[in-house]
Amino acid sequence: MAFSEHERTDIRRYCGFPAYGAGTAGFQNWRFYQVYGLLEFRLNYLSGSEEAVVRQYLGTLRQLEDAIPLAAGNLDTEAASVWTHNAGEVRDRTRLFDDWRRRLCGFLGLPPGPALGDGGVMLVV
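Worth saying up front: this structure is predicted, and the values here are computed from it rather than measured. By convention here, each chain's residues receive numbers from 1 onward along its written sequence. A pLDDT threshold of at least 70 governs which residues receive local features in this predicted model, and a stricter bar of 80 or more applies before side-chain atom pairs are shown or counted, although totals over entire chains, interfaces and linings include all residues. The basis for every side-chain value is the complete set of non-hydrogen atoms in the structure, without hydrogens or water.

Focus on the pattern of salt bridges
This is how the line gets drawn: The term salt bridge refers to a side-chain nitrogen of Lys or Arg lying within 4 Å of a carboxyl oxygen of Asp or Glu. Per the convention used, a helix needs a DSSP run of H or I reaching at least four residues, while a strand needs a run of E reaching at least two, with both numbered from the N terminus. Only protein chains enter the accessibility calculation, which uses a 1.4 Å probe; a residue is then buried when its area is under 20% of its type maximum, exposed when over 50%, and partly exposed in between.
Under the defined criterion, the tally for this structure stands at 12 salt bridges. For the salt bridge of Arg93 with Glu89, the shortest nitrogen-to-oxygen distance reads 3.0 Å. Here Arg93 pairs with Glu89, and both are found in helix α4 (residues 89–108), just four residues apart, close to one helical turn. The partly exposed category is assigned to Arg93, whose relative accessible area is 33%. Since its relative accessible area comes to 14%, Glu89 is described here as buried. Arg101 serves as the salt-bridge partner of Asp98, at 3.0 Å between the closest nitrogen and oxygen.

And the structure:
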């Protein structure tokens, strides 16, 4: 069963690619990313079992993404009774989320998109 447009949008953004857009105008467009073309090709030609795996990733990624803003609710608490807030919770959750995003890219056989980067090291020449 083919991915819905909502699923395709989530896959693109979880893999770190910019918005797809509805038109062909503009130079900064998805069509100028060679890897993006590979992503679109893969999304169109996955087997049913591969689509099921991608949908599992989507479910996990949605939960991880939703947990990041919720963790921000604890940023004002350093300690409460015997409970002590993990000061790095948002950072840790973001790293876990990004790790799963990279796993999805790995399953699809493509490098992370520009918004996801290479895992923390960026070299600009």
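Points about the confidence of the model for the protein
This is how it is decided: The predictor attaches a confidence to each residue, called pLDDT, with possible values from 0 through 100. Only heavy atoms enter the contact rule, under which two residues are in contact if any of them lie within 4.5 Å.
Of all residues in the protein, 74% attain a pLDDT of 70 or more, and the chain-wide mean is 82. Long-range and interchain partners of residues 120–125, a stretch whose pLDDT sits below 50, account for one contact in this model, where long-range means more than four residues apart.

Let's talk about the environment of Cys105
Positionally, Cys105 belongs in helix α4. Along the primary structure Cys105 and Arg12 are separated by 93 residues, whereas in three dimensions their C-alpha atoms are 9.7 Å apart. Once residues lying within four places of it in the same chain are set aside, the contact partners of Cys105 are Cys15, Leu110, Pro111, Pro112 and Leu116.

A word on helix α1 (residues 5–14)
Regarding α1, the residues found buried are Glu7, Arg8, Asp10, Ile11, Arg12 and Tyr14. Against α2 (34–44), α3 (48–71) and α4 lie the buried residues of α1. Positive phi shows up at Gly16, right after α1, with a value of about 90°.

Examining the nonpolar core
For the record, the criterion: Definition used in this section: a nonpolar core is a set of buried Ala, Val, Leu, Ile, Met, Phe, Trp, Tyr and Cys residues joined via side-chain atoms within 4.5 Å.
Within the largest apolar cluster, 21 residues are counted, with the highest numbers of intra-cluster contacts made by Ile11, Cys15, Leu39, Val54, Leu104 and Leu108. Of all the elements in the fold, those that place two or more residues in this core are α1, α2, α3 and α4. At six residues, α3 tops the list of elements feeding residues into this core. Among residues more than four places away in sequence, those in contact with Val54 are Phe3, Ile11, Leu46, Leu104, Phe107 and Leu108.

Examining the packing of α1 against α4
Definition in use: An axis is simply a line fitted to the C-alpha atoms; with a helix, the fit covers only the stretch in contact. Between two such axes, the angle follows the N-to-C directions and lies from 0 to 180 degrees. Reported orientations rely on four angle classes, namely roughly parallel under 35 degrees, roughly antiparallel over 145, roughly perpendicular from 65 to 115, and oblique for the rest. All residues other than Ala, Val, Leu, Ile, Met, Phe, Trp, Tyr, Cys, Pro, Asp, Glu, Lys and Arg, Gly among them, are scored as polar; the first ten of these are nonpolar and the last four charged.
Two elements in contact, α1 and α4, have axes whose closest approach is 9 Å; the angle formed by their N-to-C orientations is 110°. Taken as axis vectors, α1 and α4 run roughly perpendicular relative to one another. Every residue of α4 that contacts α1 at Ile11, Arg13 and Tyr14 is listed here: Phe97, Arg101, Leu104 and Leu108. Along the lines of polarity and charge, the residues of the contact of α1 with α4 split into five nonpolar, no polar and two charged.

Description of the packing of aromatic side chains
Heads up, the condition is: Each Phe, Tyr or Trp ring (for Trp, its six-membered ring) is paired with any other whose centre lies within 6.5 Å, and the angle between the two planes then decides the class: stacked below 30 degrees, edge-to-face above 60, tilted in between.
By the definition in use, this model includes five aromatic pairs. Between the aromatic rings of Tyr14 and Phe97, the centroid separation amounts to 5.8 Å while the plane-to-plane angle is 85°, which identifies the pairing as edge-to-face. A residue pair is termed long-range when its members are at least 10 positions apart, and Tyr14 in helix α1 and Phe97 in helix α4 qualify at 83 residues. Here Tyr14 and Phe97 have matching classes, each one buried.

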